[in-house]
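Okay, here's what each chain looks like letter by letter:
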Number of protein chains: 2
Amino acid sequence: MTLPKQTVQRLSRYRRLLYKYRYFNDPYIFSHDIARLCNLKPVQVRRDLMLIGSTGNNRMGYKVNELIELISRSIDSKEGEQIVIVGMGKLGQAVTDYLSESEMYQKICAVFDIDTHKTGMEFSGIRCRDMSSLRGVIRENKIYIAILAVPHDFAVSVANILTDAGIKGILNFTSERLSLPENVYVHNFDIITTLEEVAYFIPANEI
Amino acid sequence: MTLPKQTVQRLSRYRRLLYKYRYFNDPYIFSHDIARLCNLKPVQVRRDLMLIGSTGNNRMGYKVNELIELISRSIDSKEGEQIVIVGMGKLGQAVTDYLSESEMYQKICAVFDIDTHKTGMEFSGIRCRDMSSLRGVIRENKIYIAILAVPHDFAVSVANILTDAGIKGILNFTSERLSLPENVYVHNFDIITTLEEVAYFIPANEI
């Protein structure tokens, strides 16, 4: 069964929340507490957890560690475990920092830049490699996920190298819309579009 | 009439594309060219443009400058014109850089940080101010949109200051889900959730 995208996103958020409690002694949590902490309705949380086969216990709630396990089994994949980041500008560095410090099942395998001042440097303890080794690193390590944080003008050519090397999922931070084979999953995040969306939806009548 | 979110996002992308052509001599563009360059279906583009009252011309296509005007009238708001960015860590700096260099109708009015090493410094020509002036700057300049790029632990308290000062739209880069008044529009971008989504949807059967 394939879960809907929104469900996967929420399950990912629940797990991150649950991580905070897992070192307590035999921790339990109620769906309404998950809901409150994630700013959702309790019925939504229960529905999501039912979808992956968890029902909890009316009196005690859900066992935190079991729930983490169950979410992990439901949404994680061996193939998605390793990622590469291409482009070590400020954004690439910010993302590398953030992910290195966060608790997540995915690991940054390598980071790349074209700038020889950056190659060889370490970012959050990860050595920046030259673009010429991109294809080889992806193939040798069987990496399927990449974060694209290069300048706009390089987006298409780098994306083509990535998919040619075997990348199947891209988080695209450039404003370029990539035209890639259908079996490549792309999530575009475009900050200008997002800001213009926010501007459109602010309730002007109340201002 | 309120446009659907996805339509606003696409119109924003069309406009960014059109910007590239506007200095040509009396430029025209066909919907199928917009579609190709935005990686969409032509019928989608025509439907979106029809929604905002543009029909184009079968033989010549759409007048680029008129279309930019029309999109601007349809999605821009006076209230959404100015933004503040809170948190000048690597992410805040990357966002400030990127937006300063991009063509967009919104302008960064001010950036803020709590770190006294950063306050007074300039980021992309914009002086970083101390958090103590946040409320005042927002009120005096009638700013309604903020980008939240502070560390996770400060997200809730800063968001409360923002909305208390009159902010009505937030692009939230923290992993914290904010519990704000209903009249505040929040777009959450959570990179870990997004990466876990990408990992879930890579076509494992083909690997």
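Residues numbered from 1 in each chain as written. Chains lettered and ligands numbered in written order. Predicted model: local features only at pLDDT ≥ 70, side-chain atom pairs only at ≥ 80, totals over all residues. Heavy atoms only, no water.

Some remarks on the side chain of A:Arg15
Here is step 1 of the chain: Mapped onto the secondary structure, A:Arg15 falls in helix α1 (residues 5-19).
Here is step 2 of the chain: In this view, A:Arg15 contacts A:Ile68, A:Ile71, A:Ser72, A:Ile75, A:Asp76, A:Tyr105 and B:Glu196; residues no more than four positions away in its chain are not counted. (Helix = DSSP H or I, 4+ residues; strand = E, 2+ residues; numbered from the N terminus. Contact = heavy atoms within 4.5 Å.)

Remarks on the packing of aromatic side chains
Residue and element names in this part refer to chain B.
Here is step 1 of the chain: Under the definition given, this model contains eleven aromatic pairs over all chains.
Here is step 2 of the chain: Here tyrosine 21 and phenylalanine 24 contribute two aromatic rings whose centre-to-centre distance is 5.6 Å and whose plane-to-plane angle is 85 degrees, an arrangement assigned as edge-to-face.
Here is step 3 of the chain: Under the relative-accessibility criterion, tyrosine 21 is labelled partly exposed at 24%.
Here is step 4 of the chain: Aromatic pair phenylalanine 173 and phenylalanine 189: ring centres 6.2 Å apart, planes at 80 degrees, arrangement edge-to-face. Separated by 16 residues along the polypeptide, phenylalanine 173 in the loop between β8 (169-172) and β9 (185-188) and phenylalanine 189 in the loop between β9 and α8 (191-201) bring together distant segments of the chain. (Phe/Tyr/Trp six-rings, centres within 6.5 Å; stacked < 30°, edge-to-face > 60°. Buried < 20%, exposed > 50% of the residue type's maximum accessible area, 1.4 Å probe, protein only.)

So, helix α2 (residues 31-38) of chain A
Residue and element names in this part refer to chain A.
Here is step 1 of the chain: For α2, the complete set of buried residues consists of Ser31, Ile34, Ala35 and Cys38. One face of α2 carries all of its buried residues, which in axial projection span an arc of 100 degrees.
Here is step 2 of the chain: Those residues of α2 hidden inside the fold are in contact with α1, β1 (28-29), α3 (42-51), β2 (62-63) and α4 (64-75).
Here is step 3 of the chain: Directly after α2, the chain includes asparagine 39, whose backbone phi takes a positive value near 60 degrees. (Arc of directions from axis to C-beta.)

Things to note about the sheet that holds strand β5 (residues 122-123) of chain B
Residues and elements named next belong to chain B.
Here is step 1 of the chain: Taking strand neighbours across the sheet as the criterion, the seven strands line up as β5-β6-β4-β3-β7-β8-β9 in an open arrangement whose pairing is mixed. With one partner strand each, in any of the chains shown, β5 and β9 form the two edges of the open sheet.
Here is step 2 of the chain: In this sheet, β8 lies alongside strand β7 (residues 145-148) in parallel orientation, the contact comprising four bridges. Its bridge partner lying in β8, isoleucine 145 is registered against glycine 169. (Pairing = 2+ DSSP bridges.)

What to know about unusual backbone geometry
Here is step 1 of the chain: Residue A:Asp26 is not a glycine yet carries a positive backbone phi of 45 degrees.
Here is step 2 of the chain: Here A:Asp26 shows up in the loop between α1 and β1.

A few points about the relation of the copies chain A and chain B
Here is step 1 of the chain: Under the fitted operation, chain A is carried onto chain B by 0.0 Å of movement along the axis and a turn of 180 degrees, and the coordinates agree to an RMSD of 0.0 Å. Given the turn and translation reported, the copies of this chain are related as if by a two-fold rotation axis.
Here is step 2 of the chain: Looking at chain A, 100% of its interface residues are interface residues in chain B too, so the copies touch through the same face. (Least-squares fit on C-alpha atoms with pLDDT ≥ 70 in both.)

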